[in-house]
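Fold and geometry: a report
For reference, the chains in residue letters:
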Amino acid sequence: MKPEPPTIAFDRFIRLEWISEALKVRAGQIDQSQLEQFLDNAGLGREARIKTRTKLKVLCLEPRGELKEFMDRGISFAQSASSVETQLIFAWGAVVANYPFFSKVAELVGRLSSIQGDCAGSEIHRRMSEQYGERHNVKVATRAVIQTLVDWSVVRRQEDENRLIPIDKRTLSTAEPSLWLVESIVRATNKPVSLESINSNPLVFPFSFDLPLAYLVANSDTLELRMEGANQQIVDLRRSN
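Residues numbered from 1 in each chain as written. Predicted model: local features only at pLDDT ≥ 70, side-chain atom pairs only at ≥ 80, totals over all residues. Heavy atoms only, no water.

**A word on the packing of aromatic side chains**
What the rule picks out here adds up to 12 aromatic pairs. Ring centres of Phe10 and Phe102 lie 5.1 Å apart, and the angle between their planes is 65 degrees; on these two criteria the pair is classed as edge-to-face. In this pair, Phe10 sits in the segment before helix 1 (16-27) while Phe102 sits in helix 6 (residues 100-116), placing the two residues 92 residues apart along the sequence. A relative accessible area of 0% means that Phe10 is categorised as buried. By relative accessible area, Phe102 is classed as buried at 0%. Counting every residue linked through ring pairs, the aromatic cluster contains Phe10, Trp92, Tyr99, Phe102, Trp152, Phe205 and Phe207. The ring of Tyr99 has Arg64 sitting right over it, with the charged end atom 5.3 Å from the ring centre. (Phe/Tyr/Trp six-rings, centres within 6.5 Å; stacked < 30°, edge-to-face > 60°. Helix = DSSP H or I, 4+ residues; strand = E, 2+ residues; numbered from the N terminus. Buried < 20%, exposed > 50% of the residue type's maximum accessible area, 1.4 Å probe, protein only. Lys NZ or Arg CZ within 6 Å of the ring centre and 35° of its normal.)

Following this line, the structure appears as structure tokens:
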């Protein structure tokens, strides 16, 4: 029997400002009807509205059970420091932890651009089709992720719109968002990550960490630092006793 193709799930372009508005609903600063009006003003069609609402529900309003505690911590710091930079950190970590398709596209952009300074959108489409199948919805979803990356100002398009160039990294110098973002990478990859390679991990290409991560992770309630082999430190989710 032919195996089912991997689930896409993230198939809708999401503006950073939509996530910001959803966070306001979660904080009680505006109500749901105001968010709906905001989406109305964005000119979304019926299907786009439904898909956008679903994504905002998962990311901000009603996080999934298995990620609820993790997401609630991210929502808390995003609401307490409501700068664009902080909300970008939250949005990035939230989406990569919840949507493997988005995570894979972002990882490809990070890996390919680290080698040559930019990457071709056509190459991203080709590689995603290899993994998810030559399906129309794969092309649509890949385009949606790339459009989201552009809207979030982590990449820009060259004039021919085929090549993507990462924009300057944001330096993270606050402990809580930094640890939460590291945790999102561990959750997205579903395996431990090397402490030494975190700053060069392609999945965090829009950011750099300017903190003693070894110290922070060692004192984290949700992450743990342990040795693997003779001299490699790895970061993993803290196991419950």
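**Details of the environment of Arg73**
Among the secondary structure elements, Arg73 is positioned in helix 4 (residues 68-80). Between the alpha carbons of Arg73 and Arg170 there is a distance of 21 Å; along the sequence they are 97 residues apart. Here Arg73 is in contact with Glu176, Trp180, Glu183 and Thr222, once residues within four sequence places are set aside. Within the structure, the side chain of Arg73 is placed 2.7 Å from the side chain of Glu69, a separation counted as a polar contact. (Contact = heavy atoms within 4.5 Å. Polar contact = N/O pair within 3.5 Å; in protein donor to acceptor, adjacent residues only side chain to side chain.)

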